[in-house]
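# Per-entry structural report
Below, each chain spelled out in residue letters.
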Amino acid sequence: MKIWLILAVCVAFASATPLLNDDDLRDHVVENLSRQRRSLLKSSSYSLSRLASEYLGNIGKANAGSAGRVAGSSFADACLNEDHYPWPRPRPYPLPRPFPTGFPYPLPKPRFPPIGPHPGPYLSSAVSRIRRGVEKPPNRDFVFVLDTSGSIPNAAFEKAKEGIAILVDSFCPHQLGHDGNGGTKQISLVLFSDIVETAIDFSESEQGAGYLKDKILGLTHRRGGSTATAAALRHVRLNVLGKGKSRLNDNDTSTDVTVITDGRCNRGCSTLAREADDLRKMGHGVNVFALGIGNVRECELEIITGRGSKLAFGLNDFQEFDGFANAVKEIASKNEKKCA
């Protein structure tokens, strides 16, 4: 009886597919299939305070993204719409082992899977570190990667700058560029559209938080161009972490990269999965976060952070990004060091 029911469902699905063109079918299947496996934390489902706590909990954590799986080329191609075959051929993931009943697919998971008990307002407290059995490295290198493509208006760019300046203020600004009794922190900022450039280098951290915030807020929106996310990740790997004052191979330093984008990769996207994987594997492991603003591809954020890593966040707009940054600062101020 079960077999006949399964066959009936398959026939009904097959009969409905001609109503969709290839792109619609692929998008439909990717959306519904990856929803069960997706780890994106969205402001529509969780408070900004909760998202900020999760973000802070993984900042500086050794190999926070190690749980993330490499995005296979088939999954990436289907996500980025760069293949020309009706999805799901080829499949974006290995076919799971059959259940004892013979049905080859796992049972549906909740749309918003639990992310564990909420351990308090600041996940990097001493108690939380003991709970995880992981002590965070005292030194940290932060890289912000900001999308400045043509889809971002001037008002949104201003909010993005303000949010990043607030985050800089949250990461123990007294430790920027020198040991402030608890480690040294460095900050770099990369801007990208179809052109990628380092707006702030690690070496500038020695001039202090005030200088960095003034420079961030003084940046001019160059507005225009496509969204070359893969090129941005490659630039971070080769020109920011691969040279200069990067402390990538220092055992006492964690490296955290935060990609902030409102768009969808539309230039050189075929290498996005490889660039993201190569970036995460650098040194002792790089934590790559993704803050998706607006109507982004959720599966694309997974490609950037690693599938299942829970380092991807979804926000409605840049006004909400500003609120997220303020939530990070507020939560960090409750820490014994008054910063992250």
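That block above? That's the structure.
Conventions adopted
- Residues numbered from 1 in each chain as written.
- Predicted model: local features only at pLDDT ≥ 70, side-chain atom pairs only at ≥ 80, totals over all residues.
- Heavy atoms only, no water.
- Helix = DSSP H or I, 4+ residues; strand = E, 2+ residues; numbered from the N terminus.
- Expected span 1.5 Å × (residues − 1).
- Buried < 20%, exposed > 50% of the residue type's maximum accessible area, 1.4 Å probe, protein only.
- Contact = heavy atoms within 4.5 Å.
- Pairing = 2+ DSSP bridges.
- Right-handed = clockwise from strand over helix to strand, strands pointing away.
- Salt bridge = Lys/Arg side-chain N within 4 Å of Asp/Glu carboxyl O.

Counted at 1.5 Å a residue, the expected span for helix 8 (residues 229–240) with its twelve residues is 16 Å, and the 15 Å between its end C-alpha atoms agrees. Restricting attention to buried positions, one finds in helix 8 the residues Thr229, Ala230, Ala232, Leu233, His235, Val236, Arg237 and Val240. Summarising the contacts, the buried residues of helix 8 are in contact with strand 2 (139–147), strand 3 (185–192), strand 4 (196–200), strand 5 (253–261), helix 9 (272–280) and helix 10 (298–305).

Before going further, it helps to spend a moment on the pairing of strand 5. By the criterion of burial, strand 5 is predominantly enclosed, with nine of the nine residues buried. Side chains Thr253, Thr255, Val257, Val259 and Thr261 project from strand 5 onto one buried face, and the interleaved Ser254, Asp256, Thr258 and Ile260 project onto a second face that is buried too. Across eight bridges, strand 2 lies against strand 5 in parallel orientation. Each bridged residue has a counterpart across the sheet, and for Asp141 the counterpart in strand 5 is Thr255. Inspection of the sheet shows strand 5 paired to strand 6 (residues 286–293) by seven bridges, in the parallel sense. Paired with Ile260 across the two strands is Leu291, which belongs to strand 6. Handedness of the strand 5-helix 9-strand 6 crossover: right-handed.

As enumerated under the stated definition, the model contains 16 salt bridges in all. Measuring nitrogen to oxygen at the nearest pair gives 2.8 Å for the salt bridge that ties Glu197 to Arg222. Of this pair, Glu197 sits in strand 4 while Arg222 is found in the loop between helix 7 (209–217) and helix 8, placing the two residues 25 residues apart along the sequence. In this structure Glu197 comes out as partly exposed when scored by relative accessible area, which is 35%. In the salt-bridge network here, residues are joined through shared partners; they are Asp169, Lys213 and Lys329.

With that out of the way, let us pick up the pairing of strand 7 (residues 312–315). Here strand 7 shows two buried faces, one formed by Ala312 and Gly314 and the other by Phe313 and Leu315. Pairing of strand 1 (residues 41–42) with strand 7 involves two bridges; the strand directions are parallel. For Leu41, the partnering residue across the bridge sits in strand 7 and is Phe313. Judged from the four bridges that link them, strand 6 and strand 7 form a sheet pairing that is parallel.

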